[in-house]
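Topology and contacts: notes
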Amino acid sequence: MPKKKNKRKSTRSQAPKGKAVILYHDMAVYENFERCAPRIFEVISKAQEMRPNSPRILYFRVQGHRNSANGYDHDAWEMIRHFLPDVALPYLTELHTPLYSVKDNRRQKNDIPDEMRVGYPKGEEKSFWYDIESLPLRVRETEASNRKTYPTKRAIMEYLDIGEECLICWGSPVERAHVVPASLGGSMDVRNFALLCADHHKQAPDIADAEAFWAWVDYAELRDSGSKWQRAPEEVKLWVKEHGGRTEPIDHSEMEFLAAVQFELRHLYGWSDREFSAMSWDLMNEYHRVLDSATGRHFAVEKKVSTHAWAYHVARLRLASRSK
Ligand SMILES: [Zn+2]
């Protein structure tokens with residue numbers, strides 16, 4: 001057995017000094033546990049890097065993420081009941097969540113690990129993923145209401161605690177976007193809706209997997225976050241730029257369809273050159289050209305970059321799992 005080294009003892013459990021650093025995280029409706037936890041970890045690491053050993057205070061809020069009893073859903077519960085108190089709190093002086101607050105943890109640790117990885121219980125990994133073989137319907141709301149009509153915009157705004165604005169770009173007017181489309185079995189439950197501007201509604205994927213829809217919104221929010229600042233005063237834009245942010249959206253409208261699909265496969269689904277080189281993109285390009293000029297709809301699927309990127313990704317996973 002290798003001996004445990006305690007080499008950085010000097011920074012451990014040292015009483016925090018100086019002004020507190022206030023950290024704030026809103027677990028967005030489109031963040032699941034797997035995306036939220038590493039972000040909290042990153043924020044804590046950044047704070048230690050910029051203001052070493054200062055007391056850290058984290059305010060954690062949750063948007064949406066409700067179950068049918070109006071409690072928190074699985075992802076938010078796991079954040080509030082497990083990740084925050086067990087993993088994050090040792091590195092904080094104060095923690096405030098919607099369910100409890102911990103004040104004055106004098107044993108704030110400052111030896112923050114270099115990396116955090118989210119893992120799954122051994123042997124149960126598969127149950128956490130979308131079943132690519134049977135392509136089932138996967139919704140967030142486990143017990144859907146029996147509504148036959150759309151919830152009002154106000155009901156969605158209240159559920160998400162937002163104004164009448166697009167979740168991705170904060171633009172308006174907004175439309176009620178199904179997470180899982182009704183034609184694929186999506187319900188009229190408020191939890192199956194997002195508010196999106198017409199442009200983002202047009203881009204959002206029409207697929208049977210709610211988590212893939214939310215992952216896309218999360219990705220699009222990062223991709224297009226520049227547009228949020230478009231109407232901001234110049235001094236605010238300057239501040240955002242100085243802090244490494246973007247204040248103009250990236251224009252993807254001129255991108256060719258398949259180039260846009262490839263962009264999404266790379267940036268949303270994490271494809272590397274290896275994955276791309278395993279496909280015949282020439283044929284695919286030709287295929288889409290034929291499809292464009294000779295057909296309107298392909299198997300009744302509206303031609304959306306996001307839907308096609310998801311389908312390519314899932315198709316690749318299916319092929320890979322068969323060749324094992
Ligand atoms: Zn938008």
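In the block above lies the structure referred to throughout.
We now turn to the structure provided with this report. (Residues numbered from 1 in each chain as written. Predicted model: local features only at pLDDT ≥ 70, side-chain atom pairs only at ≥ 80, totals over all residues. Heavy atoms only, no water.)

1. Structural notes on the nonpolar core
- In this structure, L167, L196, F213, W214, W216, L265 and W281 are the most contacted members of the largest nonpolar core, which totals 49 residues.
- Listed by contribution, the elements that provide at least two residues to this core are α3 (153–160), β5 (174–178), β6 (193–197), α5 (210–223), α7 (257–267) and α10 (305–322).
- Considering every element that reaches this core, the biggest residue donor is α5, with eight residues.
- Each of domain 1 (2–126) and domain 2 (130–138 + 148–322) contributes no fewer than three residues to this core. (Core = buried A, V, L, I, M, F, W, Y, C linked by side-chain atoms within 4.5 Å. Buried < 20%, exposed > 50% of the residue type's maximum accessible area, 1.4 Å probe, protein only. Helix = DSSP H or I, 4+ residues; strand = E, 2+ residues; numbered from the N terminus. Domains from an automatic or database assignment.)

2. So, the coordination of the zinc ion
- For the zinc ion, the full set of protein donor atoms is C166 (SG), C169 (SG), C197 (SG) and H200 (ND1), at a range of 2.1 to 2.3 Å.
- Angles of 100 to 115° at the metal separate the four donor atoms of the zinc ion, which places the site in the tetrahedral class. (Donors = N, O, S within 2.8 Å, 3.2 Å for Na, K, Ca; no water. Tetrahedral: all angles 85-135°; square planar, octahedral: opposite > 155°, others 65-115°.)

3. Notes on the packing of α7 against α10
- The geometry of α7 relative to α10 is characterised by a closest axis approach of 9 Å and an angle of 60° between their N-to-C directions. Judged on the interaxial angle alone, α10 and α7 are oblique. For the crossing formed where α7 meets α10, the hand is right-handed. On the side of α7, the interface is formed by F257, L258, A260, V261, E264 and L265, while α10 contributes V305, S306, H308, A309, Y312 and H313.
- Partitioning the contact of α7 with α10 into residue classes produces eight nonpolar, three polar and one charged. (Axes fitted to C-alpha atoms, helices over the stretch in contact; angles between N-to-C directions. Parallel < 35°, antiparallel > 145°, perpendicular 65-115°, else oblique. Left-handed = near helix turned anticlockwise from the far one by under 90°. Contact = heavy atoms within 4.5 Å. Nonpolar A, V, L, I, M, F, W, Y, C, P; charged D, E, K, R; others polar.)

4. A word on the sheet that holds strand β2 (residues 56–62)
- The strand order β1-β2-β3-β4 describes an open sheet built from four strands, whose pairing is mixed. The sheet terminates laterally at β1 (21–27) and β4 (101–102), the two strands that pair on one side only.
- Alignment of β1 against β2, held across seven bridges, turns out to be parallel. The residue bridging V21 from the neighbouring strand is R56, located in β2.
- Of the strands in this sheet, β1 and β2 touch helix α1 (residues 33–50), which is tilted by about 170° from β1.
- Across the sheet, helix α2 (residues 74–88) is in contact with β1, β2 and β3 (94–96); its angle to β2 comes to roughly 165°. (Pairing = 2+ DSSP bridges.)

5. A short note on unusual backbone geometry
- In this structure, P173 follows S172 across a cis peptide bond, with omega equal to 0°.
- Inspection of the secondary structure puts P173 in the loop between α3 and β5.
- Positioned with a positive phi, L135 is a non-glycine residue whose angle comes to about 45°.
- Considering the arrangement of structural elements, one finds L135 in the loop between β4 and α3.
- Taking the relative accessible area as the measure of exposure, L135 reaches 39% and is therefore partly exposed.

6. What about the environment of Q262?
- The residue Q262 is located in helix α7 in this model.
- The sequence separation of Q262 and F276 amounts to 14 residues, and the corresponding C-alpha distance is 8.5 Å.
- Not counting chain neighbours up to four residues away, the residues in contact with Q262 comprise F276 and W281.

7. Points about the packing of aromatic side chains
- One pass over the full model with this rule turns up five aromatic pairs.
- For the ring pair F213 and W214, a centre distance of 5.2 Å and an interplane angle of 85° mean the geometry is edge-to-face. The residues F213 and W214 share a single accessibility class, namely buried.
- A cation over an aromatic ring shows up here: R316 above the ring of W271, its NZ or CZ 5.2 Å from the ring centre. (Phe/Tyr/Trp six-rings, centres within 6.5 Å; stacked < 30°, edge-to-face > 60°. Lys NZ or Arg CZ within 6 Å of the ring centre and 35° of its normal.)

8. Here we look at the pattern of salt bridges
- Counted by the stated rule, this structure contains 14 salt bridges.
- In this structure, the salt-bridge partner of D104 is R106, at a minimum N-O distance of 3.4 Å.
- On the basis of relative accessibility, which here comes to 46%, the residue D104 falls in the partly exposed class.
- Across the pair E275 and R274 runs a salt bridge, and its minimum N-O distance is 3.3 Å. (Salt bridge = Lys/Arg side-chain N within 4 Å of Asp/Glu carboxyl O.)

In short, the description is geometric, and any link to function would need to be established separately.
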